Amino acid sequence: VAPPRNRRKRNRMAAAGGSAGKSFAFHPKAYAKALMHSCKHSADNVVGIFIGTPTGKVMKVVDAIPLFHTHSLAPMLKIACMMIEEYCRTLED
C-alpha cells in the first residue's frame, strides 16, 4: 500500500534537509527587492541571499541581497558571503 501523496512529499523534503513544518515570512522590502531584481534581469539567472532569523517554525526573511547575474565561481561567492557577514554584523550593533 502506497502512502498518501503529501506524506511522500514530506518524506522527500525531510530527506533533502528541509522541514515539512517550516514556513517563511517575508518582510515586504525583502520580497519586493528579490522580485523586482529578478524582473529587471529576467533574461538572466539571478543569484542572491536572503537574510533572516528563525523563530520557532517560521523563518523571518528581512532582506534580500542580489549577487550575480551569471554563473558564480567559488572565489566570488566566498568573498560575497564574507562581505554579507560583515554587513550583518554592522546591523547587529
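Report follows, based on the coordinates. (Residues numbered from 1 in each chain as written. Predicted model: local features only at pLDDT ≥ 70, side-chain atom pairs only at ≥ 80, totals over all residues. Heavy atoms only, no water.)

Here 3 strands make up an open sheet; going across it, the order is S1-S3-S2 and the pairing mixed. The sheet is open, and its two edges are formed by strand S1 (23-26) and strand S2 (47-55), each paired on a single side. For this sheet the average axis-to-axis angle between neighbouring strands, irrespective of direction, equals 40°. Relative to strand S3 (residues 58-68), S1 is paired through 4 bridges, and the arrangement is parallel. (Pairing = 2+ DSSP bridges. Helix = DSSP H or I, 4+ residues; strand = E, 2+ residues; numbered from the N terminus. Axes fitted to C-alpha atoms, helices over the stretch in contact; angles between N-to-C directions.)

Another aspect to go through is the packing of aromatic side chains. Taken as a whole and judged by the stated rule, the model has 2 aromatic pairs. On the basis of an interplanar angle of 70° and a centroid distance of 6.2 Å, the ring pair of Phe26 and Tyr31 is categorised as edge-to-face. Centroid distance Phe26 to Phe50: 5.2 Å. Interplanar angle 80°. Geometry classified as edge-to-face. Note that Phe26 is positioned in strand S1 and Phe50 in strand S2, a separation of 24 residues in sequence. One aromatic cluster in this structure is built from Phe26, Tyr31 and Phe50. (Phe/Tyr/Trp six-rings, centres within 6.5 Å; stacked < 30°, edge-to-face > 60°.)

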